Amino acid sequence: MDIGVISVRYARALLKSATDAKLEDVVYQEVMLLAKSYIEVHELRHTIDNPMLAKEKKQMLLETAIGGEQSSALSKAFIALVLKEGRESMIQFMANSYVTLYRQQKNIILGKLTTATRVSAAMEQKMRTVVEAKTKGTVEFETQVDPDIIGGFVLEYDTYRMDASV
């Protein structure tokens, strides 16, 4: 079976369980931490994929990656299920699929503002408001400073890109 199909099925099941338990926001934050851990700690993938490492150690590592002791029981149970079924090599894909499904369910759009210098919080909020008005959704906004830009800004969200830079 395809990795994409499997990861989406697991992610859908996790989202459904989290929604039923009213924990979808908590699980979203934990899954975001897990996805970030896979990006920042390159050895995590190799360690989790190692067949010589005991499942208990893998469980401990993955629980640490989602927030440790403070993580939800649902996320811990999900990790245990993934390990029990031998699907740990796909858990990063499951995390990314959960993030995508959650954002679709909550109508969350990713936005990115690139400027020549750091912008104030008020200006960032104005840009966020503009995007939210256009998309009728919530925006997760990221700002970035690019010294190659002399002036102006580049605003990206969804599939749109507004380049008003010099």
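That block above? That's the structure.
Since we're looking at a predicted model, the values are computed, not measured. (Residues numbered from 1 in each chain as written. Predicted model: local features only at pLDDT ≥ 70, side-chain atom pairs only at ≥ 80, totals over all residues. Heavy atoms only, no water.)

With that out of the way, let us pick up empty space enclosed by the protein. Under the criterion given, the structure shown has one cavity of 30 Å³ or more. Considering only enclosed or pocket space, the largest cavity measures out at about 90 Å³ in volume. A breakdown of the residues in the lining of the largest cavity according to their chemical character gives nine nonpolar, one polar and no charged. (1 Å grid on protein atoms, 1.4 Å probe; cavity = no way out; pocket = protein on both sides within 12 Å on 5 of 7 lines; lining within 4 Å. Points joined across faces, edges and corners; volume = space filled by probe spheres on them. Nonpolar A, V, L, I, M, F, W, Y, C, P; charged D, E, K, R; others polar.)

Right, let's talk about the packing of aromatic side chains for a bit. In this structure the tally under the stated criterion is four aromatic pairs. Plain terms: the ring middles of Y28 and Y102 are 4.0 Å apart, the flat faces sit at 15° to each other, and that makes the pair stacked. Here Y28 is found in helix α2 (residues 24-40), whereas its partner Y102 is found in helix α6 (residues 91-106), with 74 residues between them in sequence. Y102 carries the same exposure label as Y28, and that label is buried. An aromatic cluster is built from Y28, Y98 and Y102, whose rings are joined through pairwise contacts. (Phe/Tyr/Trp six-rings, centres within 6.5 Å; stacked < 30°, edge-to-face > 60°. Helix = DSSP H or I, 4+ residues; strand = E, 2+ residues; numbered from the N terminus. Buried < 20%, exposed > 50% of the residue type's maximum accessible area, 1.4 Å probe, protein only.)

For N107, which is not glycine, the phi torsion reads 55° and is therefore positive. Within the element layout of this structure, N107 appears in the loop between α6 and β1 (108-115). Residues other than glycine seldom take positive phi values, yet K136 does so here, at roughly 60°. Along the chain, K136 turns up in the loop between α7 (121-135) and β2 (138-145).

By size, the foremost hydrophobic cluster in this structure holds 30 residues, and its most contacted members are V31, L34, Y38, L62, I91 and Y98. Of all elements in the fold, only α1 (3-20), α2, α3 (42-49), α4 (55-65), α5 (73-84) and α6 reach the threshold of two or more residues within this core. Of all the elements, α6 adds the most residues to this core, at seven residues. The next biggest cluster of nonpolar side chains, apart from the first, holds eight residues, and it includes L113, V131, V139 and L155. (Core = buried A, V, L, I, M, F, W, Y, C linked by side-chain atoms within 4.5 Å.)

Okay, the packing of α1 against α5 next. Between α1 and α5, the least distance of the axes is 11 Å, while the angle of their chain directions is 155°. If you check the angle between α1 and α5, you find them roughly antiparallel. The two elements α1 and α5 cross, and the hand of that crossing is right-handed. Together, Y10, L14, S17 and A18 of α1 and L74, F78, L81 and V82 of α5 make up the contact between the two elements. Looking at the contact of α1 with α5 residue by residue, the class counts come to seven nonpolar, one polar and no charged. (Axes fitted to C-alpha atoms, helices over the stretch in contact; angles between N-to-C directions. Parallel < 35°, antiparallel > 145°, perpendicular 65-115°, else oblique. Left-handed = near helix turned anticlockwise from the far one by under 90°. Contact = heavy atoms within 4.5 Å.)

Another point: the pairing of strand β3 (residues 152-157). Residues in a regular strand point their side chains to alternate faces of the sheet. Bridge count between β1 and β3: five bridges; the pairing is antiparallel. Bridging across to β3, G111 finds its partner in Y157. Where β3 meets strand β4 (residues 160-165), six bridges bridge the pair, whose relative direction is antiparallel. Paired with V154 across the strands is D163, a residue of β4. Following β3, the chain reverses through two residues before pairing antiparallel with β4; D158 in that reversal takes a positive phi of roughly 50°. (Pairing = 2+ DSSP bridges.)

Take the pattern of salt bridges next. One pass over the full model with this rule turns up ten salt bridges. Residue K16 is joined to D20 by a salt bridge in which the shortest nitrogen-to-oxygen separation is 3.1 Å. Of this pair, K16 and D20 both sit in helix α1, separated by four residues, roughly a single helical turn. Assigned by exposure class, K16 and D20 land together as exposed. The closest approach of N and O atoms between K58 and E88, which form a salt bridge, is 3.0 Å. (Salt bridge = Lys/Arg side-chain N within 4 Å of Asp/Glu carboxyl O.)

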